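# Reading the structure
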Amino acid sequence: MGIKPFQDIIMKFEVEKEEKYTIFRLLENNLNSIMAPLLKAEFVMLNSEGVKNLIFDMSSIHFVDSSGLSAILTANRLWKDNGLFVLTGITHPNVIKLIDISRLNSVLTIVPTIEESVEYVFMDEIEKELYTESDD
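Residues numbered from 1 in each chain as written. Predicted model: local features only at pLDDT ≥ 70, side-chain atom pairs only at ≥ 80, totals over all residues. Heavy atoms only, no water.

Quick look at the confidence of the model for the protein chain now. In this model, the protein chain carries an average pLDDT of 91, and 92% of its residues clear a pLDDT of 70 or more. Ranking the elements of the protein chain by mean pLDDT puts helix H4 (residues 114-135) last with 89 and strand E4 (residues 53-57) first with 98. Counting interchain partners and residues more than four positions distant, the pLDDT-below-50 stretch residues 1-5 has 0 contacts. (pLDDT = per-residue confidence, 0-100. Helix = DSSP H or I, 4+ residues; strand = E, 2+ residues; numbered from the N terminus. Contact = heavy atoms within 4.5 Å.)

Given below as structure tokens:
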């Protein structure tokens, strides 16, 4: 019986970068205390790279614990003044229940599908442009 060092933990994910948004797909079933620090690090890196709008696809995730929620809230704070952070693909009953119980649906931007999330980002961009033009 042995203990694996933290550095050996691998997180499976995909990043799809587009001009106005980036989609981050976590390809893990669990967003827990093991995955959360790695996910936070990826969010910080994407933010420091200048990603303006981040869509976080959670369609593979079946379980989220408090550390996982913390990682999500970290991303929400990172993008608060910098663009949008959108959660999508929340379909597993356990994840839906946790978000409802923690009342995060009133704090986070949650959109059902990736397609709708992309539309949401584009509408927000148009709104910001119109608002900026009306100030001139």
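Let us keep going from here.
Taken together, the 5 strands give an open sheet; going across it, the order is E1-E2-E4-E6-E7, and neighbouring strands pair in mixed fashion. Looking at which strands have only one partner, the edges of the open sheet turn out to be strand E1 (13-17) and strand E7 (109-111). The average angle at which neighbouring strand axes cross in this sheet is 25 degrees, direction not considered. Inspection of the sheet shows strand E6 (residues 84-88) paired to E7 by 3 bridges, in the parallel sense. Residue pairing across strands places Val86 opposite Thr109, the latter belonging to E7. (Pairing = 2+ DSSP bridges. Axes fitted to C-alpha atoms, helices over the stretch in contact; angles between N-to-C directions.)

We now examine the pairing of E6. E6 sits mainly inside the fold: 5 of its 5 residues count as buried. Burial along E6 is two-sided: the residues Leu84, Val86 and Thr88 and Phe85 and Leu87 are all buried. With 5 bridges connecting them, E4 and E6 associate as parallel partners. Residue Ile55 lies in a different strand from E6, and its bridge partner there is Val86. A crossover links E6 with its parallel partner E7, the connecting element being helix H3 (residues 93-101), and its sense is right-handed. (Buried < 20%, exposed > 50% of the residue type's maximum accessible area, 1.4 Å probe, protein only. Right-handed = clockwise from strand over helix to strand, strands pointing away.)

With that settled, consider the side chain of Asn47. Assignment of secondary structure puts Asn47 in helix H1 (residues 36-48). We classify Asn47 as buried; its relative accessible area is 19%. Among all residues touching Asn47, those that are not within four sequence positions of it are Leu78, Trp79 and Asn82.

Scanning the entire structure with this criterion turns up 9 aromatic pairs. Summarising the aromatic geometry, the rings of Trp79 and Phe85 are spaced 6.3 Å apart at their centres and angled 25 degrees between planes, so their arrangement reads as stacked. As far as the burial class goes, Trp79 and Phe85 line up, both buried. Among the aromatic residues, ring-to-ring pairing joins Phe13, Phe24, Phe43, Phe56, Trp79 and Phe85 into one connected group. (Phe/Tyr/Trp six-rings, centres within 6.5 Å; stacked < 30°, edge-to-face > 60°.)

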